[in-house]
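What follows is each chain in one-letter form.
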Amino acid sequence: MKTKLEAIKNAAMEEIKTINTPAAMEEFRVKYLGKKGELTAILKMMGSLTPEERPIMGQLANEVRSAIDALITEKSADIKNAEKIKKMKEETLDITLPGVKKEIGKLHPINTVLDDMIDIFQSMGFDVVDGPEVETDRYNFELLNVPADHPARDMQDTFYLAENLLLRTQTSATQIRTMEQRKPPIRMICPGRVFRADEVDATHSPVFHQVEGLVVDEGITMCDLKGVLEQFAHEIYGPETKVKFRPSFFPFTEPSVEVDVSCSECGGKGCRVCKGSGWIEILGAGMVHPKVLAGCGIDPEKYSGFAFGIGLDRLTTTRYKISDIRLLFENDKRFLKQF
Ligand code: DAH
């Protein structure tokens, strides 16, 4: 019996070396330690031993069982470990492979300049309003003191959509909408796209951008207009910039002015950017015509105001020294990437 027990132990120790899957491991356990296993079969024969032999054999059998148990535990751990390593190898990432580069978008230069303008005017107490691009004749012209037969209509070649419907030629239309909806004091700017049937060239586009401004309150004078617009020009172009107010004409303002700033490229000596004049025209402005106030239900005896319309594209091309306005609208990424 002793020899048999030793033989079982030796056989188990040999066989375990060939085992390398959990299934084979289980088969092995059943074969040696299971109810119908080899060790159990021997233990069943204990009854035929003498009372003296029994405890000795019993102890030996237990030792063999423990030894096989230990073999199983150790080998099971090895198998598990090997499987884990295999799995990790299969799942390795090659972190040296270059990744896919994400393209990062940027603001269009027009938006960068507009954001700056909004900051400047908001700090002076203006709020930002929006208006429709499709307008009625009434808001775009009539209520701005440009009746149907007024020669000033020739200044703005208009895209008509229907009898009284058009693409706005100026953001000034939002002045009217604002005055109809709100009571003074009013301090607003309205940035937006405007449309004119102009031939396309380096300085003209059928679509361009304006920033309208309107201030209405008691006691507003030309001084307020000059102060606000001078401050604006200095913040956009720098404090050394000279600002010039030239008399002009707009039907919805009286008096009317146009505002030039000294050329930031040449400092006023004359260059390609200012076409040799030393000055760059950036906006039209004026005191709101009493007829316009009255047309919107605001008493011109009590209130006065000033308005302005800034050419956003001109501001952008001069700031970034862009020679052709068409570049702003073509959306060529090679151009836009430079800003
Ligand atoms: N709307 C004018 C234009 O497109 C610009 C302008 C001039 C706007 C004077 C104003 C203003 O608000 O007061 O040419």
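The structure under discussion appears in the preceding block.
In short, a report on the structure. All figures in this text were calculated on a predicted structure; none of them were measured in a lab. (Residues numbered from 1 in each chain as written. Predicted model: local features only at pLDDT ≥ 70, side-chain atom pairs only at ≥ 80, totals over all residues. Heavy atoms only, no water.)

### Digging into the overall build of the protein chain
What counts here: Strands here mean DSSP runs of E at least two residues long; helices mean DSSP runs of H or I at least four residues long; both are numbered from the N terminus. The globule rule used for comparison is 2.2 Å times the number of residues to the exponent 0.38, while the radius of gyration itself is calculated over C-alpha atoms. Each residue gets one of three labels from its accessible area relative to the maximum for its type: buried under 20%, exposed over 50%, partly exposed in between, using a 1.4 Å probe on protein chains only. Here, two residues are considered to be in contact whenever any of their heavy atoms come within 4.5 Å of each other. The accessible surface values rely on the Shrake-Rupley method and a 1.4 Å probe; as for residues, cover is taken only from the protein chains in view. We treat Lys and Arg as the positive residues and Asp and Glu as the negative residues; His and chain ends play no part in the count. The atoms used to mark charge sites are NZ of Lys, CZ of Arg, CG of Asp and CD of Glu.
Within the protein chain, the regular secondary structure consists of twelve helices and ten strands. Taking 20 Å as the expected radius of gyration for a compact globule of 339 residues, we find that the protein chain reaches 45 Å, considerably beyond that expectation. Taken across its 339 residues, the protein chain has 42% of its residues classed as buried. If you take every contact in the protein chain between residues at least 6 apart in sequence, the share linking residues at least 24 apart comes to 67%. As presented, the protein chain carries roughly 19,600 Å² of accessible surface, and 54% of it is formed by carbon and sulfur atoms. Each charge class in the protein chain can be summarised by its mean position, and for the 45 positive and 52 negative side chains these summaries are 10 Å apart.

### Details of the environment of E63
Looking at where E63 falls in the secondary structure, it is placed in helix α4 (residues 53-90). E63 sits in the partly exposed class, given a relative accessible area of 46%. A sequence separation of 42 residues divides E63 from T21, and the C-alpha atoms of the two residues are 26 Å apart.

### Concerning the packing of aromatic side chains
Here is the rule: Stacked, tilted and edge-to-face are the three classes applied to pairs of Phe, Tyr and Trp rings, where Trp contributes its six-membered ring and a pair requires centres within 6.5 Å; stacked means planes under 30 degrees apart, edge-to-face means over 60, and tilted covers the rest.
Within the structure shown, the criterion is met by nine aromatic pairs. Ring centres of F121 and F232 lie 5.0 Å apart, and the angle between their planes is 20°; on these two criteria the pair is classed as stacked. Pair noted here: F121 is in helix α5 (residues 109-123) and F232 is in helix α8 (residues 222-237), with a separation of 111 residues, a long-range link. The class of F121 is buried, set by a relative accessible area of 0%. Overall, F232 belongs to the buried group, its relative accessible area being 0%. When the centroid spacing of 5.2 Å and the interplanar angle of 20° are considered together, the rings of F121 and F308 count as stacked. Separated by 187 residues along the polypeptide, F121 in helix α5 and F308 in strand β10 (residues 304-311) bring together distant segments of the chain. Each residue in the set F121, F126, F232, F306 and F308 is aromatic and connected to the rest through ring pairs, giving one cluster.

### Structural notes on helix α10 (residues 312-320)
Restricting attention to buried positions, one finds in α10 the residues L312, D313, L315, T316, T317 and T318. Against α5, β6 (207-217), α8, β9 (279-288), β10 and α11 (327-330) lie the buried residues of α10. Remark: K321 follows α10 within two positions and exhibits a positive phi of approximately 55°.

### Examining the site of the ligand
Just so we agree on the cut-off: Here, proximity means that at least one heavy atom of the residue falls within 4 Å of the molecule or strand. Counted as a polar contact is a pair of N or O atoms within 3.5 Å, where, for protein atoms, one must be capable of donating a hydrogen and the other of accepting one, and residues adjacent in sequence contribute only when both atoms are in side chains.
Around the ligand, the surrounding shell holds 16 residues, and the nearest of these are Q170, Q175, R196, Q210 and E212. Interatomic distance of 2.7 Å between a side-chain N/O atom of R196 and an oxygen atom of the ligand. In the model, an oxygen atom of the ligand is placed 2.8 Å from a nitrogen or oxygen of the Q210 side chain. When the free accessible area of the ligand is taken as 360 Å², the share hidden by the protein chains comes to 92%.

### Digging into unusual backbone geometry
Of the consecutive residues P184 and P185, the connecting peptide bond is found in the cis state with omega at 5°. In this fold, P185 is placed in the loop between α7 (173-181) and β5 (186-195). For the bond running from E254 to P255, omega is -5°, close enough to zero to count as cis. One non-glycine residue, K275, lies in positive phi territory at about 55°. Considering the arrangement of structural elements, one finds K275 in the loop between β8 (253-262) and β9. Positive phi, close to 55°, is recorded for N331, a residue that is not glycine. Along the chain, the position of N331 falls in the loop between α11 and α12 (333-336).

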